[in-house]
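Chain residues, written in single-letter form:
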Amino acid sequence: MAVQRVVIIGAGYAGVLAANRLAANNELAGRAGVTVVNPRPDFVERIRLHEVAAGTRKTASLPLESLLHPDVAIVVGRAARIDPDARLVHFTDGREPLGYDSLLYAAGSSSHAAAGAGGLADEESAALLRARLAGLAPGAVVNVVGGGLTGIEAASEIAELHPRLRVRLVSRGTIGSDLSASGRRELRRRLAGLGVALVDNTEAQRPDGTHLPPSSAETAPESLAPEDLTVWTAGFATPELARDSGLPTEEHGRLLVDEALSVPGHPEIFGAGDAARLPDSVGAHLRMACATAMPLGAHAADAIADRMLGRAPESFSGGFIVRCISLGRSAGLIQLVHADDRPRGLALRGRMGAMVKEQVCRMTMSWIRKEARGGSYGWPKGPRPAAALEPAGAR
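This is a predicted model, so every value here is computed, not measured. (Residues numbered from 1 in each chain as written. Predicted model: local features only at pLDDT ≥ 70, side-chain atom pairs only at ≥ 80, totals over all residues. Heavy atoms only, no water.)

Asks: Describe the sheet that holds strand 7 (residues 88–91), naming the residues involved and giving the relevant values.
Replies: Read across the sheet, three strands follow the order 6-7-8 without closing on themselves; strand pairing throughout is antiparallel. Lying at the two open borders of the sheet, with one neighbouring strand each, are strand 6 (79–83) and strand 8 (98–99). Summarising the sheet, strand 7 and strand 8 pair through two bridges and their orientation is antiparallel. Along strand 8, the bridge assignment pairs Val-89 with Leu-98. (Pairing = 2+ DSSP bridges. Helix = DSSP H or I, 4+ residues; strand = E, 2+ residues; numbered from the N terminus.)

Here is the structure:
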C-alpha cells in the first residue's frame, strides 16, 4: 500500500499538535508520511509574547525538532498557493511544489499592526517592542490598544516591569465586560494597582494609523492625549493563502470548513486553528486562542486518520472550562466559564491565579510533547448546538 502524504501548513498550536497526533497514531503506522510546512524552523509560544515584549522572558521560540515526532518532516518555507486540483503546495521562493494526499490548513493568524505601533505578532516584533520600551524616558506614555486578553496581559506586564512609564489600556468596549462581576472588579482593581489607566469605549486609531474621535461621551479626556509608544493588540489578521488558492473563505479570509473540519467540495483538505471558520452549529462560541487551536488540531488529525482508514469523520465538539489571564508575574485571574465561554460566578485571583496561569502555559507544551510519544490529548466538549446558536441575551 502506498504511503499517504499528509501536508500540514503551519506549525502553531494546531499544526504541531496535529502532526504529532498523526505521526504517533498506531493505526497509521507505515501508511502515512507527515510533513509540516512553516516559514521558520521554530515554534513560537504566542501566549508568552507579552512576556518577551516587556522583558521578563528572553524568548518564546523553541526549535520545531524539539517538539515534533521524529518521523515528521519539516519544510522551512512559505506556501504561496495551494492547487487543490493537482494537490500541490507551491512556495514563494519557487522551489519544487510539494504534493499531498491530505492537507491540513493551520496557517494561524497574526495581530494587526497600526502604522508606527509596536505589536505582538511574532518573536521579532516582541523583541523590537522590548527594545523600544527600554529606550523610553521616565514618564513616557504607552498606549496599549485593545481590551482583550492580549492587551490586558501586555499592559499588566509592561506596567509591572516598567513602573517609570505611564501605561494606558485603550478599548473600544468596557474592559473586562466578558468576565463575571467579581472577575471584572478584580481585573480593574489589579490594573489600577499597577498604575494602568483604563480608557473604555474609545478607538485610539485604526490599523492604518488614522486617529479616531471618542465613540462615547464617557471616554476619558486623557484618551486623546499624545502617546510616546502605541502597542497594538486589537484584532487578528489571517493569511490570504486560502483565498489566493481559490478555496472557500469568509470575508476575513478564513478557510470555510464543515462540522468535521473538512472543506466543502474538497474532502481531502481540512482546516484548524485561527485560520479556519467553523459553522455556527459547532463553532459560534469559539474564539481565536490556543485553547481553541489545540482541540481543533487534534480533531483534524483524527478526521484525517478516519478518512484514510475509510471511516466517516465525526463532527467537532469543543468548549471551554476557564479563561486564564496573567496580570504581571505576581498576579493572575482565572475566570471559570461555561462550555460556550460565558463566565461563571467564580474566579481565582492574586498569586494563586498567577500560579494556575503559569501551570496552564507549561501544561500546553507538555501536552504537545506527550502527543509525539503517543499521548491522548483530550479537551472539554462544546455546548449543545441549540445553545451555541441561541442569542446571548436569551440565556
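Asks: So what's going on with the nonpolar core? Which residues, and what values?
Replies: Ile-8, Leu-22, Leu-103, Leu-104 and Ile-368 are the most contacted members of the largest nonpolar core, which has 60 residues in total. In terms of residue count, helix 8 (residues 290–308) provides more of this core than any other element does, 11 residues in total. The contact partners of Leu-104, leaving out residues within four places of it in the chain, are Val-7, Ile-8, Ile-9, Ala-18, Phe-270, Gly-271, Ala-272, Ala-300 and Ile-304. Listed in part, the 34 residues of the second largest apolar core include Val-52, Ala-53, Ala-159 and Leu-194. (Core = buried A, V, L, I, M, F, W, Y, C linked by side-chain atoms within 4.5 Å. Buried < 20%, exposed > 50% of the residue type's maximum accessible area, 1.4 Å probe, protein only. Contact = heavy atoms within 4.5 Å.)

Asks: Account for the packing of helix 1 (residues 13–23) against helix 9 (residues 350–372), naming residues and giving values.
Replies: Two elements in contact, helix 1 and helix 9, have axes separated by 7 Å at closest approach and are oriented at 30°. Here helix 1 lies roughly parallel to helix 9, going by the angle between them. The interaxial crossing formed by helix 1 with helix 9 has left-handed handedness. Residue-level contacts link Tyr-13, Val-16, Leu-17, Asn-20 and Arg-21 of helix 1 to Thr-364, Trp-367, Ile-368, Glu-371 and Ala-372 of helix 9. (Axes fitted to C-alpha atoms, helices over the stretch in contact; angles between N-to-C directions. Parallel < 35°, antiparallel > 145°, perpendicular 65-115°, else oblique. Left-handed = near helix turned anticlockwise from the far one by under 90°.)

Asks: Any chance you could break down the packing of helix 1 against helix 8 for me, citing the residues and the numbers?
Replies: At a minimum axis separation of 7 Å, helix 1 and helix 8 run at an interaxial angle of 35°. Between helix 1 and helix 8 lies a crossing of right-handed hand. Where helix 1 abuts helix 8, its residues Tyr-13, Ala-14, Leu-17, Ala-18, Arg-21 and Leu-22 lie against Cys-290, Ala-293, Met-294, Gly-297, Ala-298, Ala-301, Asp-302, Ile-304 and Ala-305. For the contact of helix 1 with helix 8, the residue count by class is 12 nonpolar, one polar and two charged. (Nonpolar A, V, L, I, M, F, W, Y, C, P; charged D, E, K, R; others polar.)

Asks: How would you summarise the pairing of strand 7 if you had to cite specific residues and measurements?
Replies: Burial of strand 7 is one-sided: the residues Val-89 and Phe-91 facing one way are buried, the residues Leu-88 and His-90 facing the other way are not. Taken together, the four bridges between strand 6 and strand 7 define a ladder with antiparallel strand orientation. When the bridges of strand 7 are listed, Ile-82 appears paired with Val-89. Here strand 6 hands over to strand 7 after four residues, with Arg-87 in that stretch at a positive phi of 55°. Connecting the antiparallel pair strand 7 and strand 8 is a turn made up of six residues, with Gly-94 showing a positive phi of about 80°.

Asks: I'd like a rundown of a nonpolar patch on the surface, residues and numbers included.
Replies: Together, Leu-348, Met-352 and Met-355 make up an exposed nonpolar region whose accessible area comes to about 300 Å². By secondary structure assignment, the location of Met-352 is in helix 9. On the basis of relative accessibility, which here comes to 45%, the residue Met-352 falls in the partly exposed class. (Patch = residues over 30% accessible without salt bridge, like charges linked within 9 Å, V, L, I, M, F, W, Y side chains within 5 Å. Areas by Shrake-Rupley, 256 points an atom, 1.4 Å probe, with all protein chains shown as cover. Salt bridge = Lys/Arg side-chain N within 4 Å of Asp/Glu carboxyl O.)

Asks: Can you lay out helix 9 for me, pointing to particular residues and giving the numbers?
Replies: Along its 23 residues, helix 9 runs 34 Å from first to last C-alpha, staying within 8% of the 33 Å computed at 1.5 Å per residue. Regarding helix 9, the residues found buried are Gly-353, Ala-354, Lys-357, Cys-361, Thr-364, Met-365, Ile-368, Glu-371 and Ala-372. Of the residues one or two after helix 9, Gly-374 is the one with positive phi, at around 90°. (Expected span 1.5 Å × (residues − 1).)

Asks: Any details on the sheet that holds strand 12 (residues 141–145)? Residues and values, ideally.
Replies: The five strands lie next to each other as 11-15-12-13-14, forming an open sheet whose pairing is parallel. Two strands lie at the open edges of the sheet, namely strand 11 (118–119) and strand 14 (197–199), each paired on one side alone. Relative to strand 13 (residues 166–170), strand 12 runs parallel, the two sharing five bridges. Looking at strand 13, one finds that Val-144 is bridged to Leu-169.

Asks: Describe the side chain of Glu-51, listing the residues and the values that go with them.
Replies: Relative to the helices and strands, Glu-51 is located in helix 2 (residues 49–54). Those residues within four positions of Glu-51 in sequence are excluded, and the remaining contacts are Thr-56, Arg-57, Glu-157 and Arg-329.

Asks: How would you sum up unusual backbone geometry? Please name residues and give values.
Replies: For Arg-87, which is not glycine, the phi dihedral falls at a positive 55°. When you line up the elements, Arg-87 lands in the loop between strand 6 and strand 7. Taking relative accessible area as the criterion, Arg-87 reaches 30% and is therefore assigned partly exposed. Not every positive phi belongs to a glycine, and Leu-261 is a case in point at roughly 80°. Within the element layout of this structure, Leu-261 appears in the loop between strand 17 (255–256) and strand 18 (262–263).

Asks: Residue-level account of helix 3 (residues 123–134), with values.
Replies: Compared with the 16 Å implied by 1.5 Å per residue over 12 residues, the 17 Å span of helix 3 between its first and last C-alpha is a close match. Taken together, the buried positions of helix 3 are Glu-123, Ser-125, Ala-126, Leu-129 and Leu-133. Take helix 3 and look down its axis: the buried residues cluster within an arc of 165°, on one side only. Within helix 3, the exposed residues directed more than 90 degrees away from the buried face are Leu-128 and Ala-134. Capping the start of helix 3, Asp-122 holds a side-chain oxygen 3.3 Å from the backbone nitrogen of Glu-124, two or three residues further along. (Arc of directions from axis to C-beta. Polar contact = N/O pair within 3.5 Å; in protein donor to acceptor, adjacent residues only side chain to side chain.)

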